[in-house]
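Structural overview
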Amino acid sequence: YYVVVSNSAGSVQSNSVTVTVIAPPTITTQPASVTINAGQQATLSVAASGPSLGYRWQLNGTDIAGATAASYATGTAGSYAVIVTNPAGSVTSNAATVTVVAAPVITAQPAPATVTAGTDHTFSVTATGTDLRYQWYRGDSESGFTAIPSATAATYQTGTAGVYVVDVSNGAGTVRSTTARLTVTPREVAPSITTQPASVTINQGQTTTLSVAATGTSLQYQWRRDGDAIAGANAASYTTGTA
């Protein structure tokens, strides 16, 4: 622009001046939502056009101190937006959600159990967290565990004696359960007498030992005299001098 000033004696032209119109900012790339594991950081960024740009990031609607660049790194979950400003105005970005995946937490441990040979027990674990993965292990003691192939669910069914443990994991970490022992007891077999006690004749004042041989599991004995139980006579043999 310039101006011409004139009168009857003549005219004079001013120097030229430039008028610059500054437009408000325009966001060309919005910040994007992201999911990270606990302990990691995500970098949110915005792209905008316009002169003399300034940035102010917010978390859940509150300004973040010092967050005044086009990008912002964070490891905190929440809703983030950035206000882009210049002397002509401001524009607020879309909200971007940062989701933080926490490591698993076991809320119910596998419990020890006892089963009879030939039957199974189902161990189970309960855990909180997202995208959980499971791996069961077996050992003969509290250490030296070996991964069980295909045992990758929250439960594991087995009839094999040993000590069991499970790892629960996701992208944020792994937690191991307490150990649980499976005890397998023999199946009860009914008793069978293989050698009967034999009758005997003794002299008065002497004693004799009666005995029986039997097969079966968890055997118990009770000797009787003339049909009456003899107190304390609970072994496979019994010594007596009484007819």
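Our subject in this report is the structure included herewith. (Residues numbered from 1 in each chain as written. Predicted model: local features only at pLDDT ≥ 70, side-chain atom pairs only at ≥ 80, totals over all residues. Heavy atoms only, no water.)

Helix and strand counts for the protein stand at zero helices and 28 strands. For the protein, whose C-alpha radius of gyration is 43 Å, the value lies well above the compact-globule estimate of 18 Å for 243 residues. Seen along its three principal axes, the alpha-carbon backbone of the protein occupies a region of about 170 × 30 × 25 Å. By the burial criterion, 26% of the 243 residues in the protein qualify as buried. (Helix = DSSP H or I, 4+ residues; strand = E, 2+ residues; numbered from the N terminus. Rg over C-alpha atoms; globule rule 2.2 N^0.38 Å. Buried < 20%, exposed > 50% of the residue type's maximum accessible area, 1.4 Å probe, protein only.)

Taken together, Tyr1, Val17, Val19 and Val21 make up a surface patch of nonpolar side chains, about 490 Å² in accessible area. Residue placement: Val19 occurs in the loop between β2 (10-13) and β3 (26-29). Residue class for Val19 comes out exposed when judged on its relative accessible area of 57%. (Patch = residues over 30% accessible without salt bridge, like charges linked within 9 Å, V, L, I, M, F, W, Y side chains within 5 Å. Areas by Shrake-Rupley, 256 points an atom, 1.4 Å probe, with all protein chains shown as cover. Salt bridge = Lys/Arg side-chain N within 4 Å of Asp/Glu carboxyl O.)

With that settled, the discussion passes to the nonpolar core. If you look at the biggest cluster of nonpolar residues, it comprises 16 residues, and the most contacted ones within it are Val125 and Trp136. Sorting elements by how many residues they give to this core places strand β20 (residues 162-170) first, with three residues. Counting 13 residues, the second-largest nonpolar core is a separate cluster that includes Leu44, Ile64, Val84 and Val98. (Core = buried A, V, L, I, M, F, W, Y, C linked by side-chain atoms within 4.5 Å.)

To continue, consider the pairing of strand β22 (residues 180-185). Each regular strand shows side chains that alternate between the opposite faces of the sheet. One ladder, built from four bridges, connects strand β14 (residues 113-116) with β22; its direction is parallel. Paired with Ala113 across the strands is Leu182, a residue of β22. (Pairing = 2+ DSSP bridges.)

A few words on the packing of aromatic side chains. As enumerated under the stated definition, the model contains seven aromatic pairs in all. On the numbers, 5.1 Å between centres and 35° between planes, the contact of Phe123 with Tyr164 is tilted. Residue Phe123 is found in strand β15 (residues 121-124), and its partner Tyr164 is found in strand β20; the two are separated by 41 residues along the sequence. Take Phe123: its relative accessible area is 1%, and that puts it in the buried class. Taking the relative accessible area as the measure of exposure, Tyr164 reaches 1% and is therefore buried. (Phe/Tyr/Trp six-rings, centres within 6.5 Å; stacked < 30°, edge-to-face > 60°.)

What follows covers the environment of Ala111. Along the polypeptide, Ala111 turns up in the loop between β13 (105-108) and β14. Between the C-alpha atoms of Ala111 and Phe123, which are twelve residues apart in sequence, the distance is 6.9 Å. Ignoring sequence-local partners within four residues, the contact set of Ala111 consists of His121, Phe123 and Ala180. (Contact = heavy atoms within 4.5 Å.)

By the secondary structure assignment, Gly75 is in the loop between β9 (71-74) and β10 (78-86). Residues Gly75 and Asp131, spaced 56 residues apart in sequence, show a C-alpha to C-alpha distance of 19 Å. The contacts of Gly75, once residues within four sequence positions are left out, are Ile36, Gln40, Gln41 and Val100.

The subject of this paragraph is the side chain of Gln58. Residue placement: Gln58 occurs in strand β7 (residues 54-59). Taking relative accessible area as the criterion, Gln58 reaches 15% and is therefore assigned buried. Only 2.7 Å separates the side chain of Gln58 from the side chain of Asp63, close enough to count as a polar contact. Ignoring any residue separated from it by four or fewer positions in sequence, one finds Gln58 in contact with Asp63, Ile64, Ser79, Tyr80, Ala81 and Ile83. (Polar contact = N/O pair within 3.5 Å; in protein donor to acceptor, adjacent residues only side chain to side chain.)

The next thing to look at is the pairing of β7. Here β7 runs beside β10; their pairing, made up of six bridges, is antiparallel. Following the sheet pairing, Gln58 is matched in β10 by Ala81. Inspection of the sheet shows β7 paired to strand β8 (residues 62-63) by two bridges, in the antiparallel sense. From the neighbouring strand, Leu59 faces β8, where its bridge partner is Thr62. Linkage of β7 to β8, two consecutive antiparallel strands, is achieved through a turn of two residues, within which Asn60 is found at a positive phi near 50°.

Before going further, it helps to examine the environment of Ala180. Position of Ala180 relative to the elements: it lies in strand β22. Linking Ala180 and Ser143, residues 37 residues apart in sequence, is a C-alpha distance of 12 Å. With sequence-adjacent residues up to four places away left out, Ala180 is seen in contact with Pro110, Ala111, Pro112, Phe123, Gly162, Val163 and Tyr164.

The subject of this paragraph is the pattern of salt bridges. If the charged atoms of two oppositely charged side chains come close together, the side chains can form a pair. Applying the stated rule across the entire model yields four salt bridges. Salt-bridge contacts for Arg176 lead to Asp167; the nearest nitrogen and oxygen are separated by 2.7 Å. We classify Arg176 as partly exposed; its relative accessible area is 42%.

Honestly, it's all geometry; don't read function into it.
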